[in-house]
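Reading the structure
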Amino acid sequence: MVSEAATVRIDTLVGFRSALAGCFTRWGDALFELADAALCSGAPVGSVPSLSLEPVFRRSHGSLYKALAEGDIDTARLRTLLVAHRPAGWPAVFAVDASTWARCDAETSPERGFHYSASAHSNGQPIVAGWSYQWITQLDWAPDSWTAPVDVTRIRPTADATTTTVDQVRRLVDLLPAQAEVPLFVFDAGYDAIALGADLADQRVAVLARIRSDRVFYPDPEPTPGGFGVGRPRRHGARFALTDPDTWTIPSAELHAHDQRYGDIAVQAWPGLHPKLGTRGHWAGHTRPPIVRGTLIRVHVQHLPKHTQGRVKKTLWLWWSGPGQPDLDLCWRAYLRRFDIEHTFRFLKGTLGWTTPALRTPEQADRWTWLIAAAYTQLRLARGLVEDLRLPWEKRRDPTNLTPARVRRGFRRLCTLIGTPASPPKSATPGPGRPKGTRRPPRTRYPA
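Report follows, based on the coordinates. Here the structure is a predicted model, which means the values were calculated and not measured.

Focus: the pattern of salt bridges
Enumeration according to the criterion identifies 24 salt bridges in this entry. Taking the shortest distance from any N to any O, the salt bridge between Arg156 and Glu111 comes out at 2.6 Å. Separated by 45 residues along the polypeptide, Arg156 in the loop between β6 (148-155) and α5 (161-175) and Glu111 in the loop between β3 (93-102) and β4 (113-116) bring together distant segments of the chain. By relative accessible area, which is 40% here, Arg156 ends up partly exposed. The partner of Arg170 in a salt bridge is Asp202, with the nearest N and O atoms 3.0 Å apart.

Spelled out as structure tokens, the structure:
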């Protein structure tokens, strides 16, 4: 007998799948079955053509290629769908990070750029040629690897990364409930925290980003006695160097907590500080660099997990900007949970085959990326509805505590029970193929 809670979860999953099918405007049935094939494959996706052999993909392999090449996805409608199916009990904390789809030797693929890669190098540098996709995922406090992707966008090589990030955050904020808690967006050290805070100052959002530990900040200058001074008025107060504790003032707020992995944690905050900016880079259009104020947060942990010892410092500095005052307990927990997005990237690439296809155009890669985001959301909605098909050496787990990979093992059986909104193929007769004697001209080469 199915419980009432399981019935609600099944109805939610079925409703999501029906709405997802409506987001595919061209070659929709083939696109939907392609996403199901990635979910129902028994092994990690090693090649996209092999997905046409899955029973849930009722079409020929030619339809698979045409769906990616000629299909169309209403991305605005799909973004709204992902936001509407966010986990209700999760905090309004979102991790923002980019991951590279390496296409080093794809000379016929346009819009490739050189992007950072931690595992691959090019000419001795940690960069690879390919497409960069920036994801926004909602985080949870539970000790697992689940996240909730709500938006993804491709950063073009000619676009400004900060401007693209600001536009992506604004687009998501417009979809969030206006009366809910202020959303917190967490960034790693590769982002320009000062520029993000300044460009999002008119939004009801909070920005939390890691900054380098060798930076220098300044408070506002002390008022001149009598209100008059000689020369131009000062814009910066006493020097606040992160590497020099003698320059630190008394923090305005402190917090002491304990974590099982990190031991005793000490958090300190200094509000009203700002860096010295120049009229270059993001501020090149300003005749005078602005004063961008925020809160410096210092987090010091007692010890690090064994796998990170010797590689990560025990002290990190964070920059916070937003309405009101920062919640120190929320800030340090949110930044540590930000690394859950790395688990999501690893699962998307290694299991669902996000970067596996050798697609030629970035538009095809965009469609496949959205399919992967929708497929991962279906796995999260199916959590607690599938059996634990564990391997002999794995411990038994409760169905509500399964990892994404273990939920995927049982999704094939669930898919046969809930059905599919995709229409069956109209014809099983193969097409005529390319006419004999015809040849295609060489494809255009595009430098990265």
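What about the packing of aromatic side chains?
For any two aromatic rings, the description comes down to two numbers: the centre-to-centre distance and the angle of the planes. Scanning all chains against the criterion turns up 18 aromatic pairs. Ring geometry for Phe240 against Trp317: centres 6.5 Å apart, planes inclined by 85°, an arrangement best described as edge-to-face. With Phe240 in strand β10 (residues 240-241) and Trp317 in strand β14 (residues 315-321), this residue pair connects regions lying 77 residues apart in the sequence. Look at Phe240 and you get buried, because its relative accessible area is 2%. Measuring from ring centre to ring centre gives 5.6 Å for Tyr335 and Phe339, while their planes differ by 85°; the resulting arrangement is edge-to-face. With a relative accessible area of 2%, Tyr335 lands in the buried category. An aromatic cluster is defined as three or more aromatic residues linked by ring pairs; in this entry it consists of Trp101, Trp131, Tyr133, Trp135, Phe345 and Trp354.

Focus: the pairing of β3
When you tally the buried positions in β3, you get eight out of 10 residues, the bulk of the element. Sheet analysis places β3 next to strand β7 (residues 184-187), joined by three bridges and oriented parallel. Among the inter-strand pairings, Phe94 is bridged to a residue of β7, identified as Phe185. Bridging between β3 and strand β5 (residues 127-138) involves nine bridges; their strand directions are antiparallel. Its bridge partner lying in β5, Asp97 is registered against Trp135.

Focus: the pairing of strand β12 (residues 263-273)
Side chains on a regular strand alternate between the two faces of the sheet. Direction of pairing for strand β11 (residues 253-259) relative to β12: antiparallel, over a ladder of seven bridges. When the bridges of β12 are listed, Leu255 appears paired with Val267. Between β11 and β12, which follow one another and run antiparallel, lie three residues. Summarising the sheet, β12 and strand β13 (residues 294-301) pair through seven bridges and their orientation is antiparallel. What sits directly across from Ala269, in β13, is Ile297.

A look at helix α7 (residues 328-337)
Leu328, Cys331, Trp332, Ala334, Tyr335 and Arg337 are the residues of α7 that are buried. Where α7 starts, the residue carrying a side-chain oxygen 3.2 Å from the main-chain nitrogen of Asp329 turns out to be Asp327.

Regarding the packing of helix α9 (residues 362-381) against helix α10 (residues 404-418)
As a packed pair, α9 and α10 sit with axes 9 Å apart at the nearest point and diverge in direction by 85°. On the basis of the axis angle, α9 is roughly perpendicular to α10. Residues Tyr376, Gln378 and Leu379 of α9 pack against Pro404, Val407, Arg408 and Phe411 of α10.

About the cut-offs
Residues numbered from 1 in each chain as written. Predicted model: local features only at pLDDT ≥ 70, side-chain atom pairs only at ≥ 80, totals over all residues. Heavy atoms only, no water. Salt bridge = Lys/Arg side-chain N within 4 Å of Asp/Glu carboxyl O. Helix = DSSP H or I, 4+ residues; strand = E, 2+ residues; numbered from the N terminus. Buried < 20%, exposed > 50% of the residue type's maximum accessible area, 1.4 Å probe, protein only. Phe/Tyr/Trp six-rings, centres within 6.5 Å; stacked < 30°, edge-to-face > 60°. Pairing = 2+ DSSP bridges. Polar contact = N/O pair within 3.5 Å; in protein donor to acceptor, adjacent residues only side chain to side chain. Axes fitted to C-alpha atoms, helices over the stretch in contact; angles between N-to-C directions. Parallel < 35°, antiparallel > 145°, perpendicular 65-115°, else oblique. Contact = heavy atoms within 4.5 Å.

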